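So the chains spell out like this:
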Amino acid sequence: MKGSLSAVNNADLFVLVLVLDNESWFPKAHASLIQAMAEKCKVVQATTASDALRHLASPNLGAVLVGDAHLAKRMTMGKGGSPEVLKKIVTYVKSGGTVVVGCLFISFTNETDFEAFFKAFGLSWSRGSYHREDFDLNMSHPVATSAAPPLVGSYSMKALQVSGISSAMMVYTGSPQSAWPYRSEPEEAPVAQVKVGEGYLGYIGDVNQEEESVGVYLALLNLSSPSSLPQHLSVPATGPITSFPTSTVTAPAVEPASSIPRPRVSESTTPPPSKTSPIAIVFLDNQKDKFMRRFSGQVDFLRWNAPSIDFILTVSAFEQALTTRSVRGIYLADAGITKANKAALLPKLLSYVKCGGIVVAGGLFPSMTDGPSLERFFSAFKLNWSKAASGTAVYEAARTHELKEKNPTLPPSYRMEAVCLKRIAMEELVYMKAEDEVSDEEEEVDSPVLRARIGRGILGYIGDVNGAKESNLVLSAMLDLLQTPPPLRESKKFVLLLSFSTGQQVEKEYQTLLKNLEQKVEVIRGLSAPRMTDLISSPDLTAILVSAGSIIRPEHAYLASKIVDFTKSGGTVVFLEDFTRGSIFKSPRPFFLDKWGLDWSIGPPIPPAKCS
């Protein structure tokens, strides 16, 4: 049951964050959310099942955030996943508690475990669409009207939506005015909340920690207003409560007005680097010669696709390129950027990316960077990527990744020796191990090729250590150098009727012929000479019907030459009766001799056949 706030001091209330698998990097990935919650009440993290059970029994528990996928793991196999904790959470909700599922849960739960997890609450929820879209607030949901401050009416979010829900459960829904090419299905939503027993269960599918989602988390956790925080009365807890480190939850000090810094140019308004600018290949560890011996194929491929290439070998030249944004993309080809004496470059590199720049780490970078240095480098971009296993395997492209969707010519799979990274979100995976290469012991997904959006720009990683030729294509795609292929078009065959007469004359003269032809193929007529010339090169043109004798005139010489080329390429040309009418020429013989070498002339009319 729910108790009143008067039963316990508000200062003792806390939100319990369950992160039983990813405790080391959850605070980094969701620092803004933790900060926002901490400004409302105490925030406590449970990292073991015993901790979770102890905190779930506290009378001061205000709400629970399920922050990773531990509770859903292997539930279908009857082991793992701390079933006793899940059972306690289900009881907590049904007795009036508030639980929200989100954060790292979204990226690390497979379809089967996802369904089994929510089935424990008596819900038939499943994984829905996964894409970016604009979503609108459902004003008929109680959360939309009770949140203070109010939730944003609409915002863009890349989300794993929950499917199998009713419209009454939807907090945000797909917007009909969305500028993105994808659309949600009717029975799915990125944010949902439903009453379970006497309590409430919420879901947030945002995978990129959008700024607007912080307010949504607070609203679902009943933290929008401190006075609305629910309290679940239960058995008193024993033992101390362990909270997040103070540095992650302390509210920022409010500066006096006189000390507020003056406005500066926003990164969101700084123009991105020009696409006509060169690609910079950066060597800050003097490894250019070694790189060229192993990865010369990458340089050749870049030269073919990029406007131009600059080799940057000094810190000063690199700083100038970052400051002036004189390069459209940066390829970090050795480990120099990760050295301690280059740390001052990282904020400038981050600013370059946030303003629309593209940075890819590859070449000698993976093999020459140690684990701690690699983590420090990626943490500058607020990424939790860290070094995983190295070795040779076959890797398959993630078909739903936007890089693959934009560049369908990328290899669907290829073998490479690579340094993989772990602690990654599913939307960052570009290539992953082929299914038959994954061992049963591998618990965490790793990847040799990753790509993340940072602000308006891109940070990529290619772990290939030997320069497989397929990686040349991947690198060019990462740097946005590949040409987007034209969309597949529906082939529609047609016949071109070449006539300079009026449309009515043509229709009247060849009514029967046109009627019979149009039962089988489209017939195009009534066009100007230049337009007819253009259409002759179409692969869908099957035949040309010539009814205009004026084709022999000098002003139509180019059109006539294209008709000749069409026949020499295998096309069919038929000259109709009108071709020889009038006073344009007395005999077509010179025309056919000149164009096709045919000694054709006009013969006497063929009399009608007589019936015997």
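Residues numbered from 1 in each chain as written. Predicted model: local features only at pLDDT ≥ 70, side-chain atom pairs only at ≥ 80, totals over all residues. Heavy atoms only, no water.

Before going further, it helps to examine unusual backbone geometry. Omega for the peptide link from Ala 148 to Pro 149 comes to 5 degrees, which places this bond in the cis form. Here Pro 149 is to be found in the loop between α6 (142–146) and β7 (154–163). One non-glycine residue, Cys 103, lies in the positive phi region at around 55 degrees. Structurally, Cys 103 can be placed in the loop between β5 (98–101) and α5 (111–119). On the accessibility criterion, Cys 103 (4% relative accessible area) is buried. Here Asn 222, not a glycine, exhibits a phi torsion of approximately 60 degrees, which is positive. (Helix = DSSP H or I, 4+ residues; strand = E, 2+ residues; numbered from the N terminus. Buried < 20%, exposed > 50% of the residue type's maximum accessible area, 1.4 Å probe, protein only.)

On to the packing of aromatic side chains, then. Summed over the entire model, instances satisfying the criterion amount to 29 aromatic pairs. Seen in terms of ring centroids, Phe 378 and Tyr 461 are 6.1 Å apart; in terms of plane orientation they differ by 80 degrees. Their pairing is edge-to-face. Taken together, the residues span a long stretch of sequence, with Phe 378 in helix α13 (residues 371–379) and Tyr 461 in strand β21 (residues 457–462) at a distance of 83 residues. Residue classification places Tyr 461 among the buried residues on the basis of a relative accessible area of 0%. With centroids separated by 5.9 Å and ring planes inclined at 70 degrees, the aromatic side chains of Phe 591 and Trp 596 adopt a geometry described as edge-to-face. With a relative accessible area of 12%, Phe 591 lands in the buried category. For Trp 596, a relative accessible area of 23% puts it in the partly exposed group. (Phe/Tyr/Trp six-rings, centres within 6.5 Å; stacked < 30°, edge-to-face > 60°.)

Now for the pattern of salt bridges. Per the stated rule, a full pass over the model turns up 9 salt bridges. Among the ionic pairs, Arg 54 bridges to Asp 51, the shortest N-O distance being 2.9 Å. Taken as a pair, Arg 54 and Asp 51 lie in helix α3 (residues 49–56) at a separation of 3 residues, close to a single helical turn. As a salt-bridge pair, Lys 406 and Asp 480 come within 2.8 Å of each other at their nearest N and O atoms. Here Lys 406 is found in helix α14 (residues 402–406), whereas its partner Asp 480 is found in the loop between α15 (469–478) and β22 (494–498), with 74 residues between them in sequence. (Salt bridge = Lys/Arg side-chain N within 4 Å of Asp/Glu carboxyl O.)

In this model, the chain carries a mean pLDDT of 82, and residues with pLDDT of at least 70 account for 81%. The secondary-structure element of the chain with the lowest mean pLDDT is strand β1 (residues 2–3), recorded at 36, while strand β16 (residues 358–361) shows the highest, at 97. Scored below 50 in pLDDT, residues 226–242 shows 57 contacts in the model against residues more than four places distant or in partner chains. (pLDDT = per-residue confidence, 0-100. Contact = heavy atoms within 4.5 Å.)

A few words now on the packing of helix α9 (residues 288–305) against α15. Remark: α9 packs on α15, axes separated minimally by 9 Å, with the N-to-C direction vectors making an angle of 45 degrees. With respect to each other, α9 and α15 are oriented oblique. The handedness of the crossing between α9 and α15 comes out as right-handed. Where α9 abuts α15, its residues Gly 297, Gln 298, Phe 301, Leu 302 and Asn 305 lie against Ser 471, Asn 472, Leu 473, Leu 475 and Ser 476. Residue composition of the contact of α9 with α15, by class: 4 nonpolar, 6 polar and no charged. (Axes fitted to C-alpha atoms, helices over the stretch in contact; angles between N-to-C directions. Parallel < 35°, antiparallel > 145°, perpendicular 65-115°, else oblique. Left-handed = near helix turned anticlockwise from the far one by under 90°. Nonpolar A, V, L, I, M, F, W, Y, C, P; charged D, E, K, R; others polar.)

So, on to the side chain of Ser 386. Structurally, Ser 386 is set in strand β17 (residues 386–397). Judged by relative accessible area, Ser 386 falls into the buried class, the value being 2%. Each residue touching Ser 386, except ones within four places of it in the same chain, is listed here: Leu 374, Glu 375, Cys 420, Leu 421, Lys 422 and Arg 423.

Let us now look at the nonpolar core. Counting 41 residues, the largest nonpolar core has Phe 118 and Trp 125 as its most contacted members. Of the residues forming this core, the biggest block, 6 residues, is contributed by helix α4 (residues 83–94). Setting aside its immediate chain neighbours within four residues, Phe 118 contacts Val 101, Phe 105, Leu 123, Trp 125, Leu 201 and Tyr 203. In terms of nonpolar packing, the next biggest core, distinct from the first, is built from 37 residues, Ile 281, Val 360, Tyr 414 and Met 478 among them. (Core = buried A, V, L, I, M, F, W, Y, C linked by side-chain atoms within 4.5 Å.)

For Ser 277, the location among the structural elements is in the loop between α8 (246–249) and β13 (279–282). What makes Ser 277 buried here is its relative accessible area of 12%.

The next point concerns empty space enclosed by the protein. This model, assessed by the stated rule, comprises 1 cavity of 30 Å³ or more. The calculated volume of the largest cavity comes to roughly 80 Å³. Taken together, Ala 29, His 30, Ser 32, Leu 33, Asp 206, Gln 209, Glu 210, Ser 213, Val 214 and Tyr 217 make up the lining of the largest cavity. When residues of the lining of the largest cavity are traced back to their parent elements, those giving at least two are α2 (31–38) and α7 (211–220). Of all the elements, α7 adds the most residues to the lining of the largest cavity, at 3 residues. Residue composition of the lining of the largest cavity, by class: 4 nonpolar, 4 polar and 2 charged. (1 Å grid on protein atoms, 1.4 Å probe; cavity = no way out; pocket = protein on both sides within 12 Å on 5 of 7 lines; lining within 4 Å. Points joined across faces, edges and corners; volume = space filled by probe spheres on them.)

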